[in-house]
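This is what each chain is made of:
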Amino acid sequence: MPDPRLAREVIASPFAIQGLTVSYDHRPVVHSVDFVVPPGSMTAIVGPNGAGKSSLLKAALGITRRLTGEVRVFGRPIEQMSRHVAFVPQRNSVDWDFPARVIDVVAMGLFRDLRWWQFSGRDHRRRAMESLGRVGMEAFADRQIGQLSGGQQQRVFLARALVQEADLTILDEPFAGVDAATETAIVEVLKSLRDEGRTLLCVHHDLSTVRDYFDHVLLLNVRRIAAGPVAEVFVERHLQATYGGRLSPVQLARLVGSAAEVGGR
(Lines give C-alpha, C1' and ligand atoms only; values in the text may rest on other atoms or scores of the structure.)
Protein backbone atom coordinates (compact mmCIF):
# COMPACT_ATOMS: atom_id res chain seq x y z
CA MET A 1 0.00 0.00 0.00
CA PRO A 2 1.45 3.41 -0.98
CA ASP A 3 2.78 5.58 1.84
CA PRO A 4 0.54 8.70 1.93
CA ARG A 5 3.20 10.71 3.76
CA LEU A 6 5.76 9.95 1.05
CA ALA A 7 3.22 10.82 -1.63
CA ARG A 8 2.70 14.23 -0.03
CA GLU A 9 6.46 14.79 0.15
CA VAL A 10 6.86 13.96 -3.54
CA ILE A 11 4.10 16.38 -4.55
CA ALA A 12 5.62 19.19 -2.45
CA SER A 13 9.23 18.52 -3.41
CA PRO A 14 10.98 20.50 -6.14
CA PHE A 15 12.83 17.30 -7.07
CA ALA A 16 11.82 13.73 -6.22
CA ILE A 17 13.49 10.57 -7.52
CA GLN A 18 11.84 7.19 -7.14
CA GLY A 19 13.46 3.86 -7.99
CA LEU A 20 16.10 5.32 -10.30
CA THR A 21 18.58 2.85 -11.77
CA VAL A 22 21.34 3.62 -14.28
CA SER A 23 23.36 0.93 -16.02
CA TYR A 24 26.46 1.16 -18.23
CA ASP A 25 27.53 -1.95 -20.14
CA HIS A 26 25.07 -4.04 -18.13
CA ARG A 27 26.64 -2.85 -14.86
CA PRO A 28 24.50 -0.76 -12.49
CA VAL A 29 26.21 2.51 -11.55
CA VAL A 30 23.12 3.77 -9.70
CA HIS A 31 20.74 1.22 -8.22
CA SER A 32 17.13 1.82 -7.20
CA VAL A 33 17.62 5.23 -5.58
CA ASP A 34 14.77 7.06 -3.86
CA PHE A 35 15.41 10.66 -2.89
CA VAL A 36 13.21 13.65 -2.08
CA VAL A 37 14.77 17.13 -1.97
CA PRO A 38 13.19 19.46 0.60
CA PRO A 39 11.96 22.78 -0.79
CA GLY A 40 14.01 25.88 -0.04
CA SER A 41 17.12 23.88 0.88
CA MET A 42 20.73 23.54 -0.16
CA THR A 43 21.29 19.81 -0.57
CA ALA A 44 24.54 18.00 -1.39
CA ILE A 45 25.00 14.65 -3.10
CA VAL A 46 28.15 13.16 -1.58
CA GLY A 47 30.01 9.92 -2.16
CA PRO A 48 33.34 8.45 -3.29
CA ASN A 49 34.61 8.55 -6.87
CA GLY A 50 32.56 6.16 -8.98
CA ALA A 51 29.60 6.29 -6.60
CA GLY A 52 27.23 7.43 -9.37
CA LYS A 53 26.67 11.03 -8.24
CA SER A 54 26.86 12.68 -11.66
CA SER A 55 25.24 9.67 -13.32
CA LEU A 56 22.27 10.03 -10.99
CA LEU A 57 21.78 13.69 -11.91
CA LYS A 58 22.27 13.25 -15.64
CA ALA A 59 19.80 10.37 -15.78
CA ALA A 60 17.30 12.23 -13.64
CA LEU A 61 17.53 15.26 -15.96
CA GLY A 62 17.17 13.12 -19.08
CA ILE A 63 20.69 13.88 -20.33
CA THR A 64 21.48 10.17 -20.24
CA ARG A 65 19.16 7.17 -20.24
CA ARG A 66 17.79 5.76 -17.01
CA LEU A 67 17.01 2.08 -16.86
CA THR A 68 14.19 2.46 -14.34
CA GLY A 69 12.68 5.14 -12.18
CA GLU A 70 10.54 8.25 -12.12
CA VAL A 71 11.61 11.84 -11.58
CA ARG A 72 9.11 14.50 -10.55
CA VAL A 73 9.34 18.25 -10.09
CA PHE A 74 6.62 19.55 -7.77
CA GLY A 75 4.76 16.30 -8.26
CA ARG A 76 4.75 16.34 -12.07
CA PRO A 77 7.01 14.46 -14.50
CA ILE A 78 10.22 16.39 -15.03
CA GLU A 79 9.65 16.39 -18.79
CA GLN A 80 6.67 18.70 -18.19
CA MET A 81 8.53 20.99 -15.78
CA SER A 82 11.86 21.66 -17.47
CA ARG A 83 11.37 25.43 -17.36
CA HIS A 84 11.44 25.25 -13.56
CA VAL A 85 14.90 23.61 -13.54
CA ALA A 86 18.30 25.19 -14.25
CA PHE A 87 21.40 23.04 -14.64
CA VAL A 88 25.08 23.94 -14.24
CA PRO A 89 27.19 21.12 -15.72
CA GLN A 90 30.72 20.14 -14.78
CA ARG A 91 33.12 22.65 -16.23
CA ASN A 92 35.22 19.96 -17.91
CA SER A 93 32.18 18.78 -19.90
CA VAL A 94 31.89 22.09 -21.80
CA ASP A 95 33.58 22.98 -25.11
CA TRP A 96 35.32 26.21 -24.09
CA ASP A 97 36.69 26.73 -27.62
CA PHE A 98 33.20 27.53 -28.88
CA PRO A 99 33.39 31.16 -30.15
CA ALA A 100 30.85 32.87 -27.90
CA ARG A 101 30.96 35.96 -25.74
CA VAL A 102 30.19 35.79 -22.06
CA ILE A 103 26.99 37.81 -22.48
CA ASP A 104 25.79 35.41 -25.19
CA VAL A 105 26.43 32.34 -23.04
CA VAL A 106 24.38 33.83 -20.20
CA ALA A 107 21.57 34.94 -22.55
CA MET A 108 21.28 31.35 -23.81
CA GLY A 109 19.57 30.60 -20.51
CA LEU A 110 16.62 32.70 -21.69
CA PHE A 111 16.10 31.15 -25.10
CA ARG A 112 14.55 27.77 -24.31
CA ASP A 113 11.27 29.30 -23.10
CA LEU A 114 11.01 31.94 -25.84
CA ARG A 115 9.67 32.05 -29.36
CA TRP A 116 11.58 34.08 -31.91
CA TRP A 117 9.00 36.89 -31.84
CA GLN A 118 9.36 37.23 -28.08
CA PHE A 119 13.06 38.05 -28.16
CA SER A 120 13.95 41.57 -27.03
CA GLY A 121 17.66 42.22 -27.36
CA ARG A 122 17.76 45.14 -24.95
CA ASP A 123 15.65 43.53 -22.22
CA HIS A 124 17.42 40.20 -22.37
CA ARG A 125 20.85 41.83 -22.38
CA ARG A 126 19.77 43.75 -19.26
CA ARG A 127 18.69 40.55 -17.53
CA ALA A 128 21.90 38.79 -18.55
CA MET A 129 23.98 41.70 -17.24
CA GLU A 130 22.11 41.61 -13.93
CA SER A 131 22.94 37.93 -13.55
CA LEU A 132 26.58 38.58 -14.42
CA GLY A 133 26.63 41.34 -11.84
CA ARG A 134 25.38 38.94 -9.22
CA VAL A 135 28.42 36.71 -9.75
CA GLY A 136 30.86 39.61 -10.17
CA MET A 137 31.43 39.10 -13.90
CA GLU A 138 29.72 42.09 -15.54
CA ALA A 139 33.08 43.57 -16.61
CA PHE A 140 33.73 40.47 -18.72
CA ALA A 141 30.45 40.55 -20.70
CA ASP A 142 32.09 41.01 -24.11
CA ARG A 143 35.04 38.69 -23.48
CA GLN A 144 35.26 35.38 -25.35
CA ILE A 145 34.30 32.58 -22.98
CA GLY A 146 37.47 30.62 -23.80
CA GLN A 147 39.66 33.50 -22.62
CA LEU A 148 38.45 33.24 -19.03
CA SER A 149 40.03 31.34 -16.17
CA GLY A 150 38.35 28.20 -14.86
CA GLY A 151 36.82 30.03 -11.92
CA GLN A 152 35.52 32.81 -14.15
CA GLN A 153 33.97 30.29 -16.53
CA GLN A 154 32.17 28.62 -13.64
CA ARG A 155 30.77 31.97 -12.53
CA VAL A 156 29.47 32.58 -16.05
CA PHE A 157 27.64 29.26 -16.09
CA LEU A 158 26.14 30.06 -12.72
CA ALA A 159 24.97 33.38 -14.17
CA ARG A 160 23.35 31.48 -17.05
CA ALA A 161 21.41 29.45 -14.48
CA LEU A 162 20.49 32.57 -12.50
CA VAL A 163 18.99 34.31 -15.52
CA GLN A 164 16.46 31.49 -15.87
CA GLU A 165 15.00 32.36 -12.44
CA ALA A 166 14.27 28.67 -11.92
CA ASP A 167 12.70 27.25 -8.78
CA LEU A 168 15.33 24.48 -8.73
CA THR A 169 19.00 24.84 -9.64
CA ILE A 170 21.09 21.69 -10.01
CA LEU A 171 24.89 21.97 -10.07
CA ASP A 172 27.34 19.20 -10.90
CA GLU A 173 30.51 19.81 -8.82
CA PRO A 174 30.35 23.63 -9.00
CA PHE A 175 33.49 24.06 -6.87
CA ALA A 176 35.76 21.64 -8.73
CA GLY A 177 38.92 23.32 -9.97
CA VAL A 178 38.04 26.85 -8.86
CA ASP A 179 40.02 29.16 -6.60
CA ALA A 180 39.00 29.95 -3.03
CA ALA A 181 37.62 33.38 -3.92
CA THR A 182 35.38 31.91 -6.61
CA GLU A 183 34.18 29.16 -4.29
CA THR A 184 33.27 31.72 -1.63
CA ALA A 185 31.45 33.87 -4.18
CA ILE A 186 29.47 30.91 -5.53
CA VAL A 187 28.48 29.77 -2.03
CA GLU A 188 27.24 33.26 -1.20
CA VAL A 189 25.11 33.37 -4.35
CA LEU A 190 23.67 29.91 -3.70
CA LYS A 191 22.81 30.76 -0.10
CA SER A 192 21.12 33.97 -1.23
CA LEU A 193 19.00 31.95 -3.66
CA ARG A 194 18.04 29.58 -0.86
CA ASP A 195 17.11 32.54 1.32
CA GLU A 196 14.81 33.70 -1.50
CA GLY A 197 13.01 30.35 -1.32
CA ARG A 198 14.78 28.60 -4.20
CA THR A 199 16.07 25.03 -3.98
CA LEU A 200 19.69 24.07 -4.73
CA LEU A 201 21.03 20.57 -5.35
CA CYS A 202 24.79 20.06 -5.79
CA VAL A 203 27.09 17.17 -6.45
CA HIS A 204 29.86 17.92 -3.98
CA HIS A 205 33.25 16.31 -3.34
CA ASP A 206 34.80 18.22 -0.44
CA LEU A 207 33.63 16.55 2.75
CA SER A 208 35.22 19.23 4.92
CA THR A 209 32.74 21.90 3.76
CA VAL A 210 29.49 19.91 3.80
CA ARG A 211 28.49 21.14 7.26
CA ASP A 212 29.29 24.77 6.41
CA TYR A 213 27.58 24.89 3.02
CA PHE A 214 24.57 22.58 3.09
CA ASP A 215 21.33 21.95 4.98
CA HIS A 216 20.63 18.44 3.70
CA VAL A 217 22.74 15.66 2.24
CA LEU A 218 22.33 12.46 0.23
CA LEU A 219 25.11 9.95 0.89
CA LEU A 220 25.44 7.77 -2.19
CA ASN A 221 27.55 4.80 -3.18
CA VAL A 222 25.66 3.27 -6.12
CA ARG A 223 22.78 2.86 -3.67
CA ARG A 224 21.35 5.42 -1.31
CA ILE A 225 23.15 5.08 2.02
CA ALA A 226 21.32 7.82 3.93
CA ALA A 227 19.59 11.14 3.30
CA GLY A 228 18.29 13.95 5.46
CA PRO A 229 19.44 16.99 7.44
CA VAL A 230 23.22 17.28 7.61
CA ALA A 231 23.22 17.26 11.41
CA GLU A 232 21.45 13.87 11.44
CA VAL A 233 22.95 12.14 8.40
CA PHE A 234 26.54 13.37 8.14
CA VAL A 235 27.73 11.15 11.00
CA GLU A 236 30.37 8.48 11.45
CA ARG A 237 28.31 5.35 10.83
CA HIS A 238 26.83 6.68 7.58
CA LEU A 239 30.16 8.02 6.33
CA GLN A 240 31.83 4.69 7.07
CA ALA A 241 29.08 2.89 5.16
CA THR A 242 29.41 5.31 2.23
CA TYR A 243 33.19 5.29 1.97
CA GLY A 244 33.80 1.69 2.94
CA GLY A 245 36.42 2.32 5.59
CA ARG A 246 38.49 4.64 3.36
CA LEU A 247 38.22 7.47 5.89
CA SER A 248 40.65 7.36 8.79
CA PRO A 249 39.54 7.94 12.40
CA VAL A 250 41.30 11.33 12.29
CA GLN A 251 39.41 12.31 9.13
CA LEU A 252 36.11 11.20 10.62
CA ALA A 253 36.71 13.14 13.82
CA ARG A 254 37.41 16.28 11.83
CA LEU A 255 34.35 15.81 9.65
CA VAL A 256 31.67 15.01 12.16
CA GLY A 257 32.95 16.38 15.48
CA SER A 258 32.27 14.67 18.78
CA ALA A 259 28.84 16.21 19.37
CA ALA A 260 27.59 15.35 15.89
CA GLU A 261 28.96 11.82 16.23
CA VAL A 262 27.13 11.21 19.49
CA GLY A 263 23.92 12.54 17.96
CA GLY A 264 24.23 10.13 15.05
CA ARG A 265 24.80 6.96 17.06
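On a predicted model such as this, the values are computed, not experimentally measured, just so you know.

About the thresholds
Residues numbered from 1 in each chain as written. Predicted model: local features only at pLDDT ≥ 70, side-chain atom pairs only at ≥ 80, totals over all residues. Heavy atoms only, no water. Pairing = 2+ DSSP bridges. Helix = DSSP H or I, 4+ residues; strand = E, 2+ residues; numbered from the N terminus. Core = buried A, V, L, I, M, F, W, Y, C linked by side-chain atoms within 4.5 Å. Buried < 20%, exposed > 50% of the residue type's maximum accessible area, 1.4 Å probe, protein only. Contact = heavy atoms within 4.5 Å. Right-handed = clockwise from strand over helix to strand, strands pointing away. Axes fitted to C-alpha atoms, helices over the stretch in contact; angles between N-to-C directions. Parallel < 35°, antiparallel > 145°, perpendicular 65-115°, else oblique. Left-handed = near helix turned anticlockwise from the far one by under 90°. Nonpolar A, V, L, I, M, F, W, Y, C, P; charged D, E, K, R; others polar. Salt bridge = Lys/Arg side-chain N within 4 Å of Asp/Glu carboxyl O. pLDDT = per-residue confidence, 0-100. Expected span 1.5 Å × (residues − 1). Polar contact = N/O pair within 3.5 Å; in protein donor to acceptor, adjacent residues only side chain to side chain.

### Focus: the pairing of strand β2 (residues 27-37)
With seven bridges joining them, strand β1 (residues 15-24) and β2 adopt antiparallel strand pairing. Counted as the bridge partner of F15 is V37 from β2.

### Brief notes about the nonpolar core
Ranked by size, the top nonpolar core spans 53 residues in total, and within it V46, L132, V156, L158, L190, F234 and L239 carry the most contacts. Per-element tally for this core: the top contributor is helix α5 (residues 150-163), with seven residues. Apart from residues no more than four positions distant in its own chain, L190 is found in contact with M42, L158, L171, F175, L200 and C202. Counting 26 residues, the second-largest nonpolar core is a separate cluster that includes V29, V30, L57 and I78.

### Focus: the pairing of strand β7 (residues 168-172)
Burial of β7 is extensive: five of the five residues sit out of reach of the surface. The alternating pattern of β7 places L168, I170 and D172 and T169 and L171 on opposite faces, both of which are buried. Direction of pairing for strand β6 (residues 85-88) relative to β7: parallel, over a ladder of four bridges. The residue of β7 that forms the bridge with V88 is L171. With five bridges joining them, β7 and strand β8 (residues 199-203) adopt parallel strand pairing. Bridge pairing in β8 places L171 opposite C202. In terms of handedness, the path from β7 via helix α6 (residues 180-195) over to β8 forms a crossover that is right-handed.

### So, the packing of α5 against α6
Where α5 meets α6, the closest approach of the two axes is 10 Å, and the angle between their N-to-C directions is 10°. The pairing of α5 with α6 is recorded here as roughly parallel in orientation. Here the hand of the crossing between α5 and α6 comes out left-handed. Residue-level contacts link G151, Q154, R155, L158 and L162 of α5 to A181, T182, A185, I186, V189, L190 and L193 of α6. Residue composition of the contact of α5 with α6, by class: eight nonpolar, three polar and one charged.

### Thoughts on the pattern of salt bridges
Taken as a whole and assessed by the stated rule, the structure comprises nine salt bridges. For the salt bridge of R101 with D142, the shortest nitrogen-to-oxygen distance reads 2.8 Å. With R101 in the loop between β6 and α3 (102-111) and D142 in the loop between α4 (121-134) and α5, this pair connects stretches of sequence that are 41 residues apart. Put simply, D195 and R194 hold a salt bridge, and the shortest N to O gap is 3.4 Å. One continuous salt-bridge network, built from bridges that share partners, spans R101, D104 and D142.

### Digging into the confidence of the model for the protein chain
Per-residue confidence for the protein chain averages 87 on the pLDDT scale, and 88% of its residues sit at or above 70. Scored below 50 in pLDDT, residues 258-265 makes eight contacts in the model with residues more than four places away or belonging to other chains.

### Topic: α6
Over its 16 residues, α6 extends 22 Å from the first C-alpha to the last, a length consistent with the 22 Å expected when each residue adds 1.5 Å. Looking only at α6, the buried set comprises T182, E183, A185, I186, V187, V189, L190 and L193. For α6, the N-terminal capping position is held by D179, with its side-chain oxygen 3.1 Å away from the main-chain nitrogen of A181.

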